[in-house]
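Letter by letter, the chains look like this.
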Amino acid sequence: MQRIARHARVSLKSFPLSCPGRRISAKRSYIRVSESPQRIPRGRNTTLLLVGTALLSVSSGYLLATYNSPKSGGTEEAHASSLDNLPYGTAKDFQEAIKELKATFPSPGAVSDDPEVLEPYGFSEYDHHPVSNHTVVVHPESTEDVAKIVKVATKYRIPVTPYSGGTSLEGNFRAHPSGGICVDMSGMDKILEIHEEDSDLVCQAGARWMDVNEVLKEKGIPLFFPLDPGPGATMGGIVSTGGSGTNAVRYGTARAEWFLNITVVLPSGEIIKTRSRARKSAAGPDLTKLFIGAEGTLGIVTEVTVRLAPLLKTDVAVVQFPNVRHATEAVKDILNKGIGIQCIELLDDKTMGAINKYGQSIRKRPEKDSLFIKFQGPTEASILESIKLAEEITKEHGGTGFDTADNQEEAEALWADRKNAAYAVLALMPGCKYWPTDVCVPVSKLPELVFEAKKEIAEAGLLGTILGHVGDGNFHAQLLFTSDEEYVKAKKLVKQMVKRAIALGGTCTGEHGVGIGKREYLYEELGHGTVELMKNIRKPTTASTALRLSGAFETRSSSGLAGSSIGFRVAFRWLSWLPVGHVVPAQCCAPFPYPSIQLPLQGCVLKNCLKCVIIYVLIYIGITEVVESRRVVKFPRNKLVPEVR
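Keep in mind it's a predicted model, so treat the numbers as computed, not measured.

### Brief notes about the packing of aromatic side chains
Next, step 1: The full count for this structure, using the stated rule, is seven aromatic pairs.
Next, step 2: Note that Arg174 overlies the ring of Phe173, its terminal NZ or CZ placed 5.9 Å from the centroid.
Next, step 3: Above the ring of Tyr251, the side-chain terminus of Arg250 is found at 4.6 Å from the ring centroid.

The structure is reproduced here in structure tokens:
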């Protein structure tokens, strides 16, 4: 306690604590430590006073909180004791919702609850996650249609899941266990406006990035949308998962400035646009970024305004290396030299073999760990200079067979091999299960991570490949398996990769998103406080509602605990009137264990001091609930918002 900082930031308003020889007093949001000890009367009366005050304060606070709960049927009762366990609508509610949706959208095929129609929306052949079917699928054509769907879902308490390209790899569009409404955005694929002079365009969320670029090419507009995730990915999906692709080393990810604004339907059914079409704005926080990577948990994206980049000349080269470590070390040097590259991709020896067997290539390449490099520049001379520098660097790291495309047609075919690599790998084992995963680390840590991952895959005896966007430290492992035993091995390998990436200062996912596959790693990577903040961010959009937060972020808050929070806060207020400061053995105190608040508070460990024990318990439990349930959640009748993922 001798080294407590003179001023430490905390969340609590005011409460005094005791510790040997010190007085800690809180005023406003600071703690001040003073040197003067206090003396208090000791004895049985003080202990009884403390116990009685603490129990009375907590009980009174809880009653105060629950007093404001809504009344139902003449009795005071919250609609649910827990946001997590809040029941959705009954089977009858689901059927009534389907009837209303069919009446709202009477066009043939607009609404369907046919199991055969629903099947493709509840599983993916590109991941290993179990099938989870929706109750009904709806095909909106406009933002207003989406708002109508959400309002019906709200009325009958039905979970909602948006779906567009269906290319996600972490189970992002699986149905809630209760079933629910699948909102198929793929029909909302129109380009609404093209502003060539401003280098931007407006399109619906279901528009595919490849189709957007094809339209620009057909119109003779020398611009393109530079983010290039998997073929079939849509603008709404790129926003929701924070996607990127092979061009990230040059143009960044969805979290850069490529989305100027987005139109969103909130869980309440309200329609908002995050900002104007201007290139820059200082008008408040950047709400566009708030929805990027949120995976639909904050609302359904329906329209986007995207920036476009000028088309520049490119050329493609491929070079082989003794192993993946040498290849990734060469990448570091190429990047640090400032060479004009648009993409730099790693494909290991097994991936190269799969491409050769796939039969789509115009020529076969050596089956070695290789780099595919796309050079970019305003002139041919600048590209040739970049190629020369890159070739010299790769030779220093053991690179051989450095080869560039002879013409634009060959360059496009060579790059198509890279884009089709995942499909080529799947073709190696027809009928297999497929576990794709991605991690991302600082580029300097990539050689170690990739080398160890490849070695572990070989030791496990699984057929697995490695490829990735090594220019920004992101790589993908594709694991194929056919039995339960191999599934267990694959799961272990993925966990090892993720934990090693996090330990190296990286992330559990560079671009696939969290979905249901990476949720377990969020606390380890980001910390308790950060994940809780992610959960709490959505509270303003669902004010006065009860909502089970699923998908990427699962909540554990509850109305009962929210009531307790007020009780604990009242307890702290009442305890502030008690005299504090007393004599206890020097070894009596232990560190305060709450990880989200870096504050060196101390409390007694069951030794000669009942008062410290009670304060210790109140602080530990009370701060937890104050932090995680900052306010009492009031549940008005018939205003329950559906889950939106």
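### Quick notes on the sheet that holds strand β9 (residues 160-163)
Two modes of strand pairing occur in sheets, parallel and antiparallel, and in both the strands are linked by backbone hydrogen bonds.
Next, step 1: The four strands lie next to each other as β7-β8-β10-β9, forming an open sheet whose pairing is mixed. Only two strands of the sheet have a single neighbouring strand rather than two, namely β7 (111-112) and β9.
Next, step 2: As judged from the three bridges shared by strand β8 (residues 136-138) and strand β10 (residues 181-184), these two strands associate in the parallel manner. Counterpart to Val136 in the pairing with β10 is Ile181.

### Some remarks on the pairing of strand β23 (residues 463-469)
Next, step 1: For β23, the tally of buried residues reaches six of seven residues, placing the bulk of the element in the interior.
Next, step 2: By the bridge criterion, two bridges tie strand β19 (residues 341-347) to β23 in an arrangement that is antiparallel. Counted as the bridge partner of Leu346 is Gly468 from β23.
Next, step 3: The sheet contact formed by β23 and strand β24 (residues 474-481) spans seven bridges and is antiparallel. For His469, the partnering residue across the bridge sits in β24 and is Asn474.
Next, step 4: Counting the residues that bridge the hairpin from β23 to β24 gives four residues, and of these Gly473 lies at a positive phi of roughly 80 degrees.

### Regarding the confidence of the model for the chain
Next, step 1: Here the chain averages 77 in pLDDT, while 70% of its residues score no lower than 70.
Next, step 2: Low confidence marks residues 543-550, where pLDDT is under 50. Its contacts with residues over four positions away, or in another chain, come to 35 contacts.

About the thresholds
- Residues numbered from 1 in each chain as written.
- Predicted model: local features only at pLDDT ≥ 70, side-chain atom pairs only at ≥ 80, totals over all residues.
- Heavy atoms only, no water.
- Phe/Tyr/Trp six-rings, centres within 6.5 Å; stacked < 30°, edge-to-face > 60°.
- Lys NZ or Arg CZ within 6 Å of the ring centre and 35° of its normal.
- Pairing = 2+ DSSP bridges.
- Helix = DSSP H or I, 4+ residues; strand = E, 2+ residues; numbered from the N terminus.
- Buried < 20%, exposed > 50% of the residue type's maximum accessible area, 1.4 Å probe, protein only.
- pLDDT = per-residue confidence, 0-100.
- Contact = heavy atoms within 4.5 Å.

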